[in-house]
Amino acid sequence: MNWRFSMLFLLLLCFDGPGIKCQEDGESLPRNEVLGEPTVSCAADAIYVKLRTKSTFLGHVDVKYTPDKSCFQSLVTNNQIEILIPHEECMVPRRRSLHPTGVILEVSLSVSFHPEFTTSDDRIFNMQCFHQKKSNGTSSSLAIGSPQPPPSDTKGPSCSYEVLSNPGGQPAGRLALGQEVYHSWQCQNVYESCIMIDSCELVGGEETHEVIDSSGCSKHESIMPQLEYHNRTHVGASVKVFGVSHTSIVYFACQIRLHPQLPTGECPKPKCDLMRKKRDDSTSQFPSIDVRSQNLEISQLINATMSSLDSSSSNPTIQNSCPDIHVESAPAEEEEEASESKLIEEERICADFRSVLIISILLTMALILITTTIVVLIVRRQKYEIASMS
């Protein structure tokens, strides 16, 4: 009898509480991830991508921003993923490059490790393929299986465009609307030339929005102020983060035009006064270099006036040689949400512990009462039998 009550006591206490677990509801699958960097092959009419994962891949892949979601082909074999992305069918965006001369094709590949949902483990790979134009007018694509970066001319100009967390800071990654960042354009090996920024666009998905016109003047000064020309090789501007409504991943693309110095030795600057009636297109005769910023993730759920995001805590864009592959992490929970979740979990554990303690006390008292009653009944029965025999 005592054994039965003991078993009942254990069964009632057997549930998920602190330190108590009856049985596993289901085995949690180990977290999967992409090993190393994707292998990218740039063909004349398609982009071929191969990835390897830590364990068997059970999720799905997607070519982002393409109007036809069935334009590409994918093959998954255990922990290997192969994707073929045709240029024409997937409408792969392209932009021209003047130094060196050629065409750059860009594609974004999303890898989701859950078959149904998007999670914090997902990754987005932004890849570029460069097709250089030969001197005789023909173009050559990179060799399949051995993509190479575009040839660099150590004597020619080299320019960059970065969005920094602050002047002289680190490249920004995940940002909040309204957060102040610093746009920086810099060039090297321009010799006696001066740089001027023009024709800047905000690119989000398949849409482009012009923010600086061909004269180098801002089209929307309320969000993009006029640029500051610090010297002949450095231009910058402090800008409050803005984006577009249909996508959170954006980047900026501009032209850096090389102007000769004025006879006085000064550099020409854009004339962006309010009385300007027409654009000055005379600058189009000077050579230009196409540049683009890193990819930026714009969050609309964070109030930048309450807390400033530290760019070092976000996942910055990782840039490699052409084909460029930028790896980004999907949005993670903010620190405040994590703290609140932890507090709620601690309160739940405490409530479970109190419930276990109360149930244990009640069951123990019931067990003692029943045991005492049984013992009394047994003693009375024995006395009655002895009295009957006598």
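Scroll up to find the structure.
Keep in mind it's a predicted model, so treat the numbers as computed, not measured. (Residues numbered from 1 in each chain as written. Predicted model: local features only at pLDDT ≥ 70, side-chain atom pairs only at ≥ 80, totals over all residues. Heavy atoms only, no water.)

Colleague: I'm lost on the pattern of salt bridges in this one. Help?
Modeller: Between side chains of opposite charge, a pair can form as their charged atoms come close. Under the counting rule described, the total for this entry stands at six salt bridges. The salt bridge involving D62 is made with K69; its shortest N-O contact spans 3.7 Å. By relative accessible area, which is 22% here, D62 ends up partly exposed. A relative accessible area of 45% places K69 in the partly exposed class. (Salt bridge = Lys/Arg side-chain N within 4 Å of Asp/Glu carboxyl O. Buried < 20%, exposed > 50% of the residue type's maximum accessible area, 1.4 Å probe, protein only.)

Colleague: Explanation requested: the state of the cysteines in the structure shown.
Modeller: Two cysteines, two sulfur atoms, one covalent bond between them: this is a disulfide. One pass over the full model with this rule turns up six disulfides. With a sulfur-sulfur separation of 2.0 Å, C42 is cross-linked through a disulfide to C129. For the disulfide bridge between C42 and C129, the dihedral angle about the S-S bond is near -75 degrees, and by the sign convention the bridge is left-handed. Of this pair, C42 sits in strand 1 (residues 34-42) while C129 sits in strand 8 (residues 123-133), and the two are 87 residues apart along the sequence. The same class applies to C42 and to C129, which are both buried. (Disulfide = S-S within 2.5 Å. Helix = DSSP H or I, 4+ residues; strand = E, 2+ residues; numbered from the N terminus.)

Colleague: Looking at this structure, I do not really get the side chain of E82. What am I missing?
Modeller: Within the fold, E82 resides in strand 5 (residues 80-86). No salt bridge is formed by the buried E82, whose closest oppositely charged neighbour, K50, lies at an N-O distance of 4.8 Å. One polar contact links E82 to Q80, side chain to side chain, over a distance of 3.2 Å. Every residue in contact with E82, bar those within four places of it in the chain, is listed here: Y48, V49, K50, Q73, S74 and L75. (Lys, Arg positive; Asp, Glu negative; His and termini not counted. Polar contact = N/O pair within 3.5 Å; in protein donor to acceptor, adjacent residues only side chain to side chain. Contact = heavy atoms within 4.5 Å.)

The values are spatial; any link to function lies outside them.
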